[in-house]
Amino acid sequence: MSESNIKSFDSNTSSDVIAATLLKEGGVIVRNQVSNALIDKVAQELRKPLDAKGHEFENDFNGYKTRRLGAVLDVSRSSAELVAHPGTLEVADATLKRHCDNYQIGSMTAIEIHPGETAQILHRDGDFYPIAIPGVEFQMQAMWALSDFTEENGATRIVTDSDVLKGVKNAETEAFENIDESKVAQAVMPKGSVLYWLQSTIHGGGANKASTPRSGLFVSYSLGWLRQEDNQYLILPREVADSYPDTVRRLLGYQAHGKYLGIYPGDPDGCWWDA
Ligand SMILES: O=C(O)CCC(=O)C(=O)O
Ligand SMILES: [Fe+2]
């Protein structure tokens, strides 16, 4: 049993408090951020594609009893309300805009951990970026609870003092394997809650020892001057991106960073040379 726990707040807590806690602790939960009706709608939209394709993502990292699905905005229109939730964007503003003008979705993945799955290897998302800058968080991650997250069913595991490893790359340390279990906390939270964690935070999916799946929607947000983990321009047809509200379209990457980076004709902010 872990001695650590993750701070958790009600949904009426100010985003400043949530963001300050996230930056200090590496992880934070907002309980009941959205209604069960919205969560059920998202889960229902994901059901068929997850059943049809979820097993295609099985591997040593993702697990062999875990179903996953990428390009979520292609199949679940309601998931746009989670990815662009105003509270989430306020927390992402505070976390990421210290180092960029705007940020974007890195990846968006439904993750359903089935009974019998073992704990995922502890890791940091975004360590695929070949250089780390101490003190700069390249990404912020959100995990929406599409079911209750419990200790038994595989709630996400977070290392509460990952801080010591800030700026250290995977290849340079074996510390991930030797982490003291007492420093690992689980994101126990009711359906409709959201867990946020930083790029520097070591974490992983939990083991599912229960009899029903643990279901979540993972979203990463990366600094606007970095390449996105999933190539959003190729995984989602342009018409699908264009069919979403401007905030979502921009989050998908259809926006320049500043005036010159990532520009294209028709870009709402950047400078296109032929315009
Ligand atoms: O499923 C989870 O709780 C976490 C999954 C995760 O961290 C990952 O796949 O990168
Ligand atoms: Fe992860």
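What you are looking at is a predicted structure, and each value in this text was computed from that prediction instead of being measured. (Residues numbered from 1 in each chain as written. Chains lettered and ligands numbered in written order. Predicted model: local features only at pLDDT ≥ 70, side-chain atom pairs only at ≥ 80, totals over all residues. Heavy atoms only, no water.)

Visitor: Would you mind going over the coordination of the iron ion (ligand 2) with me for this structure?
Guide: Each pair of donors in an ideal octahedron of six around a metal sits at 90 or 180 degrees, and each pair in an ideal tetrahedron of four sits at 109.5 degrees. Note on the iron ion (ligand 2): its protein donors are His 123 (NE2), Asp 125 (OD) and His 203 (NE2). The metal-donor distances range over 2.0 to 2.1 Å. In primary-sequence terms, the residues that donate to the iron ion (ligand 2) follow H-x1-D-x77-H. Given the relative accessible area of 13%, Asp 125 is considered buried. (Donors = N, O, S within 2.8 Å, 3.2 Å for Na, K, Ca; no water. Buried < 20%, exposed > 50% of the residue type's maximum accessible area, 1.4 Å probe, protein only.)

Visitor: Help me out: how do you make sense of the sheet that holds strand S3 (residues 66-69) in this one?
Guide: With respect to topology, seven strands assemble into an open sheet ordered S1-S2-S8-S5-S10-S4-S3, the strand pairing being mixed. With partners counted over all chains shown, the strands left at the sheet margins are strand S1 (8-9) and S3, one partner each. With seven bridges connecting them, strand S5 (residues 139-145) and strand S10 (residues 214-223) associate as antiparallel partners. Bridging from a neighbouring strand, Ala 145 pairs with Gly 216 of S10. Docked against the sheet, helix H2 (residues 36-53) engages S3, strand S4 (103-113) and S5, running at close to 105° with respect to S3. Lying on the sheet, helix H5 (residues 86-96) is in contact with S4, S5, strand S8 (194-198) and S10; it crosses S5 at an angle near 160°. (Pairing = 2+ DSSP bridges. Helix = DSSP H or I, 4+ residues; strand = E, 2+ residues; numbered from the N terminus. Contact = heavy atoms within 4.5 Å. Axes fitted to C-alpha atoms, helices over the stretch in contact; angles between N-to-C directions.)

Visitor: Honestly, the environment of Asp 125 in this entry has me stumped. Any pointers?
Guide: By the secondary structure assignment, Asp 125 is in the loop between S4 and S5. Through-space distance from the C-alpha of Asp 125 to that of Leu 223 is 13 Å; in sequence the pair is 98 residues apart. At 3.1 Å, the side chain of Asp 125 and the side chain of His 123 are in polar contact. (Polar contact = N/O pair within 3.5 Å; in protein donor to acceptor, adjacent residues only side chain to side chain.)

Visitor: Explain the pattern of salt bridges to me, please; I cannot follow it from the model alone.
Guide: Charged atoms that come close allow side chains of opposite charge to pair. For the structure on display, the rule yields 14 salt bridges. Two residues, Lys 24 and Glu 25, come together in a salt bridge whose shortest N-O distance is 3.7 Å. In this structure, Asp 51 and Arg 47 form a salt bridge, with 2.7 Å as the shortest nitrogen-oxygen distance. With Asp 51 and Arg 47 both in helix H2 and four residues apart, the pair spans about one turn of that helix. Bridged by salt links that share partners, the residues Arg 47, Asp 51, Arg 67 and Glu 112 form one connected network. (Salt bridge = Lys/Arg side-chain N within 4 Å of Asp/Glu carboxyl O.)

Visitor: Could you clarify how one ought to interpret the nonpolar core in this entry?
Guide: Grouped burial of nonpolar side chains is what soluble globular proteins tend to show. Among the nonpolar cores identified, the biggest contains 52 residues, and Leu 73, Leu 82, Tyr 196, Leu 217 and Tyr 221 are the most heavily contacted of them. The leading source of residues in this core is H2, at five residues. In this structure, Leu 82 is in contact with Val 34, Leu 38, Ile 39, Val 42, Thr 88, Trp 144, Leu 146, Leu 217 and Tyr 221, ignoring residues within four places of it in sequence. Core analysis: the next-biggest nonpolar cluster, separate from the first, contains 15 residues, Ile 29, Ala 185, Leu 195 and Trp 197 among them. (Core = buried A, V, L, I, M, F, W, Y, C linked by side-chain atoms within 4.5 Å.)

Visitor: Help me out: how do you make sense of the sheet that holds strand S7 (residues 184-186) in this one?
Guide: Note on sheets: strands pair through backbone hydrogen bonds, and any given pair is parallel or antiparallel. Spatial ordering of the open sheet is given by S7-S6-S9, a layout of three strands whose pairing is antiparallel. Here the strands that pair on one side only, and so sit at the sheet edges, are S7 and strand S9 (203-204). Note that strand S6 (residues 157-159) and S7 share three bridges and pair antiparallel. Counterpart to Val 159 in the pairing with S7 is Val 184.

Visitor: What is the right way to look at the site of ligand 1 in this model?
Guide: Taken together, Phe 61, Arg 68, Ile 111, Ile 113, Gln 120, His 123, Asp 125, Met 143, Thr 156, His 203, Gly 205 and Arg 214 are the residues near ligand 1. Contacts to ligand 1 include Gln 120, whose side-chain N or O atom sits 3.1 Å from an oxygen atom. In this structure, His 123 approaches ligand 1 through a side-chain N or O atom, which is 2.9 Å from an oxygen atom. When ligand 1 sits alone it has 290 Å² of accessible area, and the protein chains cover 96% of it. (Near = heavy atom within 4 Å. Areas by Shrake-Rupley, 256 points an atom, 1.4 Å probe, with all protein chains shown as cover.)

Visitor: Is there a simple way to think about H2 in this case?
Guide: Quick reminder: α-helices carry 3.6 residues per turn. Residues three or four places apart thus point the same way. The terminal C-alpha atoms of H2 lie 25 Å apart, and with 18 residues this matches the ideal 26 Å at 1.5 Å per residue to within 8%. Taking the largest bend as the criterion, H2 deviates by roughly 40°, centred on Arg 47, and proline Pro 49 comes between one and four positions later. Buried within H2 are the following residues: Leu 38, Ile 39, Val 42, Glu 45, Leu 46, Pro 49 and Leu 50. Against S3, helix H3 (72-75), helix H4 (80-83), S4 and S5 lie the buried residues of H2. (Expected span 1.5 Å × (residues − 1). Bend = angle between axes of the 7 residues up to and from the residue.)

Visitor: What am I meant to see in the packing of helix H1 (residues 15-25) against H5 here?
Guide: Following both chains from N to C, one finds H1 and H5 inclined at 50°, their axes separated by 9 Å at the closest point. Relative to H5, the element H1 lies oblique. Viewed along their axes, H1 and H5 form a crossing whose handedness is right-handed. For the pair formed by H1 and H5, the contact residues are Ser 15, Ile 18, Ala 19, Leu 22 and Leu 23 on the first element and Gly 87, Glu 90, Val 91, Ala 94 and Thr 95 on the second. For the contact of H1 with H5, the per-class residue count stands at six nonpolar, three polar and one charged. (Parallel < 35°, antiparallel > 145°, perpendicular 65-115°, else oblique. Left-handed = near helix turned anticlockwise from the far one by under 90°. Nonpolar A, V, L, I, M, F, W, Y, C, P; charged D, E, K, R; others polar.)

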